[in-house]
Amino acid sequence: MNFSDYLLLFGGMGLVTYLPRTLPLLYLAHKQLPQWLIDWLGLIPVAILSALLAPSLLTTVADRSFSLGKPELLVAIPTLIFALKTRSLGGTVLVGMLLYWLAGFFI
Amino acid sequence: MIQNKEIQPLKSSKILRQGASTAWPICLGYIPIGLALGVLAQQAGLPWWAVTMMSVLVFAGSAQFICVAMLAAGSSIPAIIFTTLIVNLRHTLMSSALAVYLSGVSRRFLALFAYGITDESFAVNMTRFRAGDWDRWRALAVNHISNFVWIVATTTGALVGQLVPQGAFGIDYALTGMFICLLVFQLNGRIYIITGLLAALISVGWYLLIPGDSYIVGASICAATLGYFLQRYHRRSQ
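Below is a short write-up of the structure. Numbers given for residues are sequential positions, taken from 1 along each chain in its written order. For this description, chains carry letters from A and ligands carry numbers from 1, given in the order in which they are written. Residue-level local features of this predicted model are given only where pLDDT is at least 70; pairs of side-chain atoms are given and counted only at 80 or more, and the full residue set underlies all totals for whole chains, interfaces and linings. Values shown for side chains rest on all heavy atoms present in the structure; no hydrogens or waters enter the calculation.

## Things to note about the nonpolar core
So, step 1. Nonpolar cores are built from buried Ala, Val, Leu, Ile, Met, Phe, Trp, Tyr and Cys residues. Side-chain atoms within 4.5 Å join them into one set. The rule is simple: take the accessible area with a 1.4 Å probe, protein chains only, and divide by the maximum for that residue type; under 20% is buried, over 50% is exposed, in between is partly exposed. Core analysis: the largest hydrophobic core is formed by 100 residues, its most contacted members being L9, F10 and L25 of chain A together with L98, F113 and M178 of chain B.
So, step 2. In terms of residue count, helix α2 (residues 35–58) of chain A provides more of this core than any other element does, eleven residues in total.
So, step 3. Residues within four places of L9 of chain A in sequence aside, it is in contact with M1 of chain A together with C67, L71, I77, I80 and I81 of chain B. Only DSSP runs of H or I covering at least 4 residues are called helices, and only runs of E covering at least 2 are called strands; the numbering of each starts at the N terminus. When checking whether two residues touch, look at their non-hydrogen atoms; a contact exists if any pair is within 4.5 Å.

## Section: the layout of surface pockets
Gaps left between atoms show up when a probe the size of a water molecule is rolled over them.
So, step 1. Only protein atoms enter the 1 Å grid used here. Points where a 1.4 Å probe fits but cannot escape make up a cavity, open sets with protein on both sides within 12 Å along at least five of seven lines make up a pocket, and a residue lines them when an atom lies within 4 Å of a point. Grid points are joined across faces, edges and corners, and a volume is the space filled by probe spheres set on the points. Estimates place the volume of the second largest pocket at around 430 Å³.
So, step 2. Within the residue set of the lining of the second largest pocket, elements represented by two or more residues are α2 and α3 (71–86) of chain A together with α9 (174–186) and α10 (190–209) of chain B.

## Notes on the interface of chain A and chain B
So, step 1. On the side of chain B, 98 residues touch chain A, which itself brings 70 residues to the contact.
So, step 2. By definition, a salt bridge exists where a carboxyl oxygen of Asp or Glu is found within 4 Å of a side-chain nitrogen of Lys or Arg. Linking chain A with chain B are one salt bridge.
So, step 3. When the shortest N-O distance is used, the salt bridge between D39 of chain A and R235 of chain B registers 3.5 Å.
So, step 4. N or O atoms within 3.5 Å of each other form a polar contact, as long as, within protein, one can give a hydrogen and the other can take it, and as long as residues adjacent in sequence are counted only when both atoms are side-chain atoms. If you look at where chain A meets chain B, you find 19 residue pairs in polar contact (both at pLDDT 80 or more).
So, step 5. Put simply, the parts of the chain that give the side of chain A that touches chain B at least two residues each are α1 (3–28), α2, β1 (59–60), β2 (65–66), α3 and α4 (89–106) of chain A.
So, step 6. For this classification, the nonpolar set comprises Ala, Val, Leu, Ile, Met, Phe, Trp, Tyr, Cys and Pro, the charged set comprises Asp, Glu, Lys and Arg, and every other residue, Gly included, is treated as polar. When the residues that make up the side of chain A that touches chain B are grouped by side-chain class, the tally is 48 nonpolar, 16 polar and six charged.

## Concerning helix α7 (residues 119–131) of chain B
So, step 1. The span expected for a helix works out to 1.5 Å for each residue beyond the first. Taking 1.5 Å per residue as the helical rise, α7 of chain B with its 13 residues ought to reach 18 Å, and the 19 Å between its terminal C-alpha atoms agrees with that figure.
So, step 2. Counting buried residues along α7 of chain B, ten of its 13 residues qualify, which places the element largely inside the surrounding structure.
So, step 3. Buried within α7 of chain B are the following residues: D119, E120, S121, F122, A123, V124, N125, M126, T127 and F129 of chain B.
So, step 4. Looking at the buried residues of α7 of chain B, the elements they touch are α2 of chain A together with α1 (12–43), α5 (90–99), α6 (107–114), α8 (136–160) and α9 of chain B.
So, step 5. Phi turns positive, to about 90 degrees, at G132 of chain B, one or two residues after α7 of chain B.

## Overview of unusual backbone geometry
All names here are of chain A.
So, step 1. Residues other than glycine seldom take positive phi values, yet R64 does so here, at roughly 55 degrees.
So, step 2. Mapped onto the elements, R64 comes out in the loop between β1 and β2.
So, step 3. Despite not being glycine, R87 has its phi angle at roughly 50 degrees, a positive value.
So, step 4. With respect to the helices, strands and loops of the structure, R87 is situated in the loop between α3 and α4.

Structure representation (structure tokens):
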């Protein structure tokens, strides 16, 4: 592929990445949102974070099957407890990395 | 400019500093992932400048990984663009949720802000907005600092990535650790815990049963809707 092929590909990808990010914001930020929508959107962050995390901890990517023994999951439990106790974002990231690094030697 | 009418509460250097101190967990996570993407892209035959161009035009990690894999497999340009659209549809939900905190803001600002809405910046900014100690300028700084680190990391990966050892210091776990903590920040009451558990259950089931990436959007909408009705039912019965 040459320069213009890449420009076409990434320009197209950029457009379909940008529109879903910008259109709801441009539309909704200038509207009086009904209370039910605000309530519903308030539950979206916890739902999205959980939906991003749970499959990555509880399933294997290769064959898309359920798994309870991944190091990612085993490390997630003490990391979660640390986060609940300290509520420190930076600390949790570092503790998670350290435990995952150590887990690499044992598993 | 229209924006001049708005009062900026702090100097821009301070906004940048606060943005950086909030964005660093994202950046820490982006470095290994960006390097890995750069290496893969280089192995798939992309020149380094194409990797830079991709990270500037398409700031979306998962879509970029899929793009590289599809290029390596010889997919057509329309097929890759269509797949990108599907993978990134989840950001409509995040953009909508952010609108609650950016209501009435100038469209010019929103257009600039929307470029940097990723899973990571969304999660970090939403947490801070809800805590009440955040404004749109700091949120914008988080978006663009993350983007800058992403561009540098992916380009570096394409240039020298093979020299970096795999999995050093558990850095592959940085984003997972960040998401775990941000999830904890969201648990401000029973309904949030229930919604999170529902989303975990539905997303795992959906992921196992339905091919593709619809599980994120599907499970989020289902769980938030169930949570919403549970909350309403609970309020009525009181």
